[in-house]
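Topology and contacts: notes
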Amino acid sequence: MAHVLVVGDGPGGLSAALFLAKKGMQVTVFGKDKTDMHRAMLHNYLGIPEIRGSEFQQIARQQVRSFGASLQDLGVTGIEKTSEGFMVTSEDGGQHQGAYLILAEGKRLELAKSLDLPRTANGVEVDDKGRTAVEGLYVVGRGRGIARSQAIISAGQGATAALDILSREAGRDVKDYDSVSD
Ligand SMILES: Cc1cc2nc3c(=O)[nH]c(=O)nc-3n(C[C@H](O)[C@H](O)[C@H](O)COP(=O)(O)OP(=O)(O)OC[C@H]3O[C@@H](n4cnc5c(N)ncnc54)[C@H](O)[C@@H]3O)c2cc1C
């Protein structure tokens, strides 16, 4: 199974990690839980009438961990494209190799800028699955345009990118359905 690196631990990155880890993909998420979600009081996340952003994050992080994703309490300081995918350098000097990279770094876009990715007026240029101009590199969440920043949109974009990676790896369209038991 390919290893997927996710930079950013807000709703976009965690949602991608959830879908990938749930299907058995090896996933590492980098981030120090500094998301703006800690300032939010959510009334617009469908299916959850009301929740503090901090509680949402706590539940989401636990959910992602429960499927086997690794959450690394580290910032990422550099990214390099390699012949096998991507090499990510974390702030402790560690180097982490992955076949795919999902950038979910929020509005700052520092890593996306360091890769010189084509831009739109508001963010990084991607297709409808979150693919960028660099093979294997996705951008999800706020980095795609802060004008429309909502938690549920970031989470949806993370899920879309994850399903695209899963489909590419499987060589067929993958969906993630669980059914009620009889
Ligand atoms: C006051 C306030 C209230 C809000 N209220 C609502 C609301 O009611 N409803 C709603 O839907 N939205 C609300 N939002 C917006 C919501 O917080 C965002 O839409 C959401 O956080 C975007 O998620 P994201 O995953 O795209 O990015 P973010 O949540 O910004 O996550 C990005 C994460 O990546 C991390 N990161 C960045 N660079 C690196 C790096 N180099 N290495 C490692 N980690 C990195 C950041 O620290 C952060 O944790 C509110 C925002 C604010 C400020």
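Structural data are supplied above this passage.
In what follows, the accompanying structure is described. Keep in mind the model is a prediction, meaning the values are calculated, not measured.

For the protein, the count of helices and strands is four helices and 10 strands. In the protein, the succession of α and β elements from N to C terminus is β-α-β-β-β-α-β-β-β-β-β-α-β-α. Seen along its three principal axes, the alpha-carbon backbone of the protein occupies a region of about 45 × 40 × 30 Å. Expressed as a percentage of its 182 residues, the buried residues of the protein come to 37%.

One finds Val6, Ala16, Ala17, Leu20, Ile102 and Leu103 to be the most contacted residues of the largest nonpolar core, which totals 44 residues. When residues of this core are assigned to their parent elements, the largest contribution, seven residues, is made by helix H1 (residues 11-22). Among all residues touching Leu20, those that are not within four sequence positions of it are Val4, Met25, Val27, Ala162, Ile165 and Leu166.

Turning next to helix H2 (residues 53-66). Its 14 residues give H2 an end-to-end C-alpha distance of 20 Å, which sits within 8% of 20 Å, the value for a rise of 1.5 Å per residue. In the stretch just after H2, Gly68 is the one whose phi turns positive, near 100°.

Between H1 and H2, the least distance of the axes is 9 Å, while the angle of their chain directions is 25°. In terms of orientation, H1 lies roughly parallel with respect to H2. Considering the relative orientation of H1 and H2, their crossing is left-handed. Across from Pro11, Leu14, Ala17, Leu18 and Ala21 in H1, the residues of H2 making contact are Ala60, Arg61, Gln63 and Val64. By residue class, the composition of the contact of H1 with H2 is seven nonpolar, one polar and one charged.

Now for the sheet that holds strand S7 (residues 85-90). Spatial ordering of the open sheet is given by S6-S7-S8, a layout of three strands whose pairing is antiparallel. Here the strands that pair on one side only, and so sit at the sheet edges, are strand S6 (76-82) and strand S8 (95-98). Within this sheet the neighbouring strands show an average axis-to-axis angle of 20°, counted without direction. Sheet topology places S7 next to S8; four bridges connect them, and they run antiparallel.

Attention now goes to the pairing of strand S9 (residues 100-103). Burial of S9 is two-sided: the residues Tyr100 and Ile102 facing one way and the residues Leu101 and Leu103 facing the other way are all buried. Here four bridges tie strand S1 (residues 3-7) to S9, and the two strands are oriented parallel to one another. In the sheet register, Val7 faces S9, and the bridge partner there is Leu103. The sheet contact formed by S9 and strand S10 (residues 137-139) spans three bridges and is parallel. Looking across to S10, one finds that Ile102 is bridged to Tyr138.

Now for helix H4 (residues 151-170). Between its first and last C-alpha atoms H4 spans 29 Å; for 20 residues at 1.5 Å apiece the expected length is 28 Å, and the two agree. Where H4 is concerned, the buried positions are Ala151, Ser154, Ala155, Gln157, Gly158, Ala161, Ala162, Asp164, Ile165 and Leu166. Elements in contact with the buried residues of H4: S1, H1, strand S3 (41-42), S9 and S10. Immediately downstream of H4, the backbone of Gly171 shows phi near 75°, a positive value.

What follows is about unusual backbone geometry. You will see that Asp33, though not glycine, has its phi angle at about 55°, which is positive. With respect to the helices and strands, Asp33 occurs in the loop between strand S2 (26-30) and S3. Among the residues examined, Asp33 registers 14 C-beta atoms within 10 Å and is labelled partly exposed. Notably, Leu109 is not glycine yet its phi reads approximately 60°, a positive angle.

Rules and cut-offs
- Residues numbered from 1 in each chain as written.
- Predicted model: local features only at pLDDT ≥ 70, side-chain atom pairs only at ≥ 80, totals over all residues.
- Helix = DSSP H or I, 4+ residues; strand = E, 2+ residues; numbered from the N terminus.
- Buried ≥ 20, exposed ≤ 12 C-beta atoms within 10 Å, placed from the backbone.
- Core = buried A, V, L, I, M, F, W, Y, C linked by C-beta atoms within 7 Å.
- Contact = placed C-beta atoms within 7 Å.
- Expected span 1.5 Å × (residues − 1).
- Axes fitted to C-alpha atoms, helices over the stretch in contact; angles between N-to-C directions.
- Parallel < 35°, antiparallel > 145°, perpendicular 65-115°, else oblique.
- Left-handed = near helix turned anticlockwise from the far one by under 90°.
- Nonpolar A, V, L, I, M, F, W, Y, C, P; charged D, E, K, R; others polar.
- Pairing = 2+ DSSP bridges.

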